[in-house]
There are 2 protein chains.
Amino acid sequence: MNITSKQVAEILAQQDNITILTHFHPDGDTLGSAVALLRALRKMGKKVNFLNNDPIHPKYAYLWEGLQKQDFEEQFVVAVDIATEELLGDDLKARYAGKIALAIDHHPSNTLFAGDTCLEGDSAAAAEIVYYIIKYLGVEIDAQMASCIYTGISTDTGCFKFRNTTARTFYIAGVMKDLGADTENINEVMFEIKTRGELELERRLLEKMHYYLDNRLAIALITQEMYRVTGTTEDECDYIASLPRQVAGVMVGITIRERTNGTWKASVRTKPPIDASAICKQFGGGGHANAAGCRFDGSLKEFVAKFVEVVEEALQ
Amino acid sequence: MNITSKQVAEILAQQDNITILTHFHPDGDTLGSAVALLRALRKMGKKVNFLNNDPIHPKYAYLWEGLQKQDFEEQFVVAVDIATEELLGDDLKARYAGKIALAIDHHPSNTLFAGDTCLEGDSAAAAEIVYYIIKYLGVEIDAQMASCIYTGISTDTGCFKFRNTTARTFYIAGVMKDLGADTENINEVMFEIKTRGELELERRLLEKMHYYLDNRLAIALITQEMYRVTGTTEDECDYIASLPRQVAGVMVGITIRERTNGTWKASVRTKPPIDASAICKQFGGGGHANAAGCRFDGSLKEFVAKFVEVVEEALQ
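Heads up: these notes are all about the structure in this document. Treat the numbers as computed from the prediction; the structure is a model and nothing was measured.

## Focus: the sheet that holds strand β2 (residues 48–51) of chain B
In any sheet, the strands associate via hydrogen bonds between backbone groups, in a parallel or an antiparallel arrangement. Residues and elements named next belong to chain B. The five strands lie next to each other as β2-β1-β3-β4-β5, forming an open sheet whose pairing is parallel. Of all strands in the sheet, those with a lone pairing partner are β2 and β5 (116–119), marking the two edges. Averaged over neighbouring strand pairs, the angle between their axes works out to 20° when direction is ignored. In this sheet, strand β4 (residues 102–105) lies alongside strand β3 (residues 76–80) in parallel orientation, the contact comprising three bridges. The partner of V80 across the bridge, within β4, is I104. Helix α4 (residues 126–137) contacts β4 and β5 of the sheet and is inclined by roughly 120° relative to β4.

Set out below in structure tokens:
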């Protein structure tokens, strides 16, 4: 059933021993939302943990500063910022598929896999929804929760730059700032600082960007070798996915990354009206209207050729 | 005299035939503030023009869409976002030094050169102050004014990323979004789109970044030759000044640019507690605590050597 953030608060108020699930390859919104909610529920005296399928980049460690894992028998499972059970990642999916009571999400593509779903597609981040849930829970938002919510909002909007940013996004960001969110350090960690290795990776990527379809499609490639030589990891360099779309005239920017098992994944970024989610759907992937992703098991050459074909169609 | 934004509104309400001055090498805040104020005052039936010393980058053209220069005998001169008369630029300084009735500014370094000065150093942008002035003038903010104010705020905060961003900054941005500011296109033009030439300039700059003082100082160099080869101009590539400071561990990032007359100018960006303005003061320049600028007539080698010396002292 699709429920409101107020109803979510009413349900959560009745529950205890809660596990909050984050999506695989966890980002600032799934983590910020999960930990903000965890902090609020614990403040109410409940036992709550959050789980992640994949390792978390150390830059997010400030989110759970001072928190310890709790010991309890799990009674209620919540998923935040997760559009499909696939996105739980293999381990969490094996454990939790079909057992998730509540989903809090802002992806219009959410498959309504949970018992109840609070789906607000016009929220820039799941953290926006979590802000209202915490308000309805009646919990006072402290500086640490504010930092969690601000992290979700700022990372999912590219620091208020993406088209999903609304007046409400700014409003909540302002309130979080007022409540003590450490925006200065969060912005520095999330949007400012790059290692020399990352800059070197960026330089190599710029050297090798390829253009197709009258320069309306740009494809950048990152190989495992490039990570190795520059001393970087995929998680660190996530922001790089937005680079190809930044080029003047480019409508679709794709960053193809080699996975450790030799297969490929792509981050697709589009300018309106081109639908990134529709492009990725043709590869079995998905996401938002202007930012989506997919994987591919064949050769790189095939992957690129199919992208050129699919994007050509989308551009028409 | 230092006056409030409310007093500014009271003064402006009494005046007519107003010229608004912007600072040399005009940016989004001086232009956005000037044109927002111009639009508001014209809506009150007053005659108002704005003047710029240097050519304006075409990306700002949307600010004065639909506006024409007006014909009148100037009676009152206002400076916006201008800290010293030097920053008027040579031509405007020759015409207006000593004749500016009112300054609206957010630079703590403002020299109080005007008859009256509304100086609010805790405003992220002059456009924040202009927002309140227009409110006090009683003028309804339309979508075009909102876009002007949003431009000033977003460009002076690096799209809400810089440390000058306050809860009020977010609040005003949200109101501007609600009032119809075209944030999507403004963000795209100001923060997203780069030409292939700009990316190539960035790549070349990354290739040649130099590190000093245990990697705490990074200096990047842009020569006129680099602009020529990449087909870029200085105005287009203004954002590049923030690149050296982005490197992990760097406390002071300096971008030195060759001017067309063979002399040099530098943009200095620091992380707290290092004071960029104090560093630039030693070269006769100035600015904000974490972003300042200066010029140098000697050799590049001397300029770099003096920077290393001055920054070494600042780091102690």
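## Examining the state of the cysteines
Residue and element names in this part refer to chain A. One pass over the structure, following the stated rule, counts zero disulfides over all chains. C294 takes part in no disulfide bond, and the closest cysteine sulfur, belonging to C280, lies 4.0 Å away. Using a relative accessible area of 5% as the deciding quantity, one classes C294 as buried.

## Describing the packing of aromatic side chains
With the rule as written, the count across this model stands at 23 aromatic pairs over all chains. With a centroid separation of 6.2 Å and 75° between ring planes, the pair formed by B:F283 and B:F296 is classed as edge-to-face. Note that B:F283 is positioned in the loop between α10 (276–281) and β10 (286–287) and B:F296 in strand β11 (residues 291–296), a separation of 13 residues in sequence. On the basis of relative accessible area, B:F296 is assigned to the buried category, the value being 15%. Every member of this aromatic cluster is reached through a ring pair, and the members are A:Y150, A:F160, A:F170, B:Y150, B:F160 and B:F170. In this arrangement the basic side chain of A:K306 is found over the ring face of A:F283, its NZ or CZ atom lying 4.6 Å from the centre.

## Concerning empty space enclosed by the protein
If you walk through the whole model with that rule in mind, you get two cavities of 30 Å³ or more. When its volume is computed, the second largest cavity comes out at roughly 40 Å³. Surrounding the second largest cavity, A:F160, A:K161, A:F162, A:R163, A:T165, A:F170, B:K177, B:T183, B:E184 and B:N187 form its lining. Of all the elements, helix α7 (residues 183–192) of chain B adds the most residues to the lining of the second largest cavity, at three residues. Partitioned by chemical class, the residues of the lining of the second largest cavity number three nonpolar, three polar and four charged.

## Here's the deal with the nonpolar core
Side chains of a nonpolar character, in soluble globular proteins, are inclined to be buried together. In terms of nonpolar packing, the biggest core is built from 103 residues, with A:L12 and B:L12 touching the most fellow members. Other than its neighbours up to four places away in sequence, B:L12 contacts B:I18, B:L37, B:L41, B:K46, B:F76, B:V78, B:L102, B:I133 and B:L137.

## A short note on the interface of chain A and chain B
Accessible area lost on assembly of the parts is the figure often given for the size of an interface. Contact with chain A, which involves 37 residues of that partner, is made by 37 residues of chain B. Buried surface at the junction of chain A and chain B, summed over both partners, amounts to about 3,600 Å²; 58% is from carbon and sulfur atoms. Of the charged contacts, one joins B:R203 and A:E207 as a salt bridge, the two residues approaching to 3.3 Å between their closest N and O atoms. The tally of links between chain A and chain B comes to 20 residue pairs in polar contact (both at pLDDT 80 or more). Its residues placed into classes, the side of chain A that touches chain B shows 15 nonpolar, eight polar and 14 charged.

## Looking at unusual backbone geometry
Residues and elements named next belong to chain A. The omega angle of the peptide bond from P272 to P273 is 5°, so this bond is cis rather than trans. Position of P273 relative to the elements: it lies in the loop between β9 (264–270) and α10 (276–281). With phi around 50°, L213 is a residue other than glycine that occupies positive phi space. Along the chain, L213 turns up in the loop between β6 (210–212) and β7 (217–222).

## So, the sheet that holds β10(B)
Residues and elements named next belong to chain B. With mixed pairing, six strands are arranged side by side in an open sheet as β6-β7-β8-β9-β11-β10. Both outer strands of the open sheet, β6 (210–212) and β10, are each paired with one neighbouring strand and no more. Taken together, the three bridges between β6 and strand β7 (residues 217–222) define a ladder with antiparallel strand orientation. When the bridges of β7 are listed, Y212 appears paired with L217.

## Quick notes on the environment of A:K208
On the secondary structure map, A:K208 appears in the loop between α8 (196–207) and β6. Taking the C-alpha atoms as reference points, A:K208 and A:I219, separated by eleven residues in sequence, lie 8.9 Å from one another.

## A few points about helix α1 (residues 5–14) of chain B
Residues and elements named next belong to chain B. Taken as a whole, α1 has its buried residues at S5, V8, A9 and L12. Considered in projection along α1, the buried side chains sweep an arc of 100° and stay on one side of the axis. On its buried face, α1 is in contact with β1 (18–21), α2 (28–43), β3, β4, β5 and α4.

About the thresholds
Residues numbered from 1 in each chain as written. Chains lettered and ligands numbered in written order. Predicted model: local features only at pLDDT ≥ 70, side-chain atom pairs only at ≥ 80, totals over all residues. Heavy atoms only, no water. Pairing = 2+ DSSP bridges. Helix = DSSP H or I, 4+ residues; strand = E, 2+ residues; numbered from the N terminus. Axes fitted to C-alpha atoms, helices over the stretch in contact; angles between N-to-C directions. Contact = heavy atoms within 4.5 Å. Disulfide = S-S within 2.5 Å. Buried < 20%, exposed > 50% of the residue type's maximum accessible area, 1.4 Å probe, protein only. Phe/Tyr/Trp six-rings, centres within 6.5 Å; stacked < 30°, edge-to-face > 60°. Lys NZ or Arg CZ within 6 Å of the ring centre and 35° of its normal. 1 Å grid on protein atoms, 1.4 Å probe; cavity = no way out; pocket = protein on both sides within 12 Å on 5 of 7 lines; lining within 4 Å. Points joined across faces, edges and corners; volume = space filled by probe spheres on them. Nonpolar A, V, L, I, M, F, W, Y, C, P; charged D, E, K, R; others polar. Core = buried A, V, L, I, M, F, W, Y, C linked by side-chain atoms within 4.5 Å. Buried area = accessible area lost by both parts, 1.4 Å probe. Salt bridge = Lys/Arg side-chain N within 4 Å of Asp/Glu carboxyl O. Polar contact = N/O pair within 3.5 Å; in protein donor to acceptor, adjacent residues only side chain to side chain. Arc of directions from axis to C-beta.

As far as function goes, none of this settles anything; it's purely spatial.
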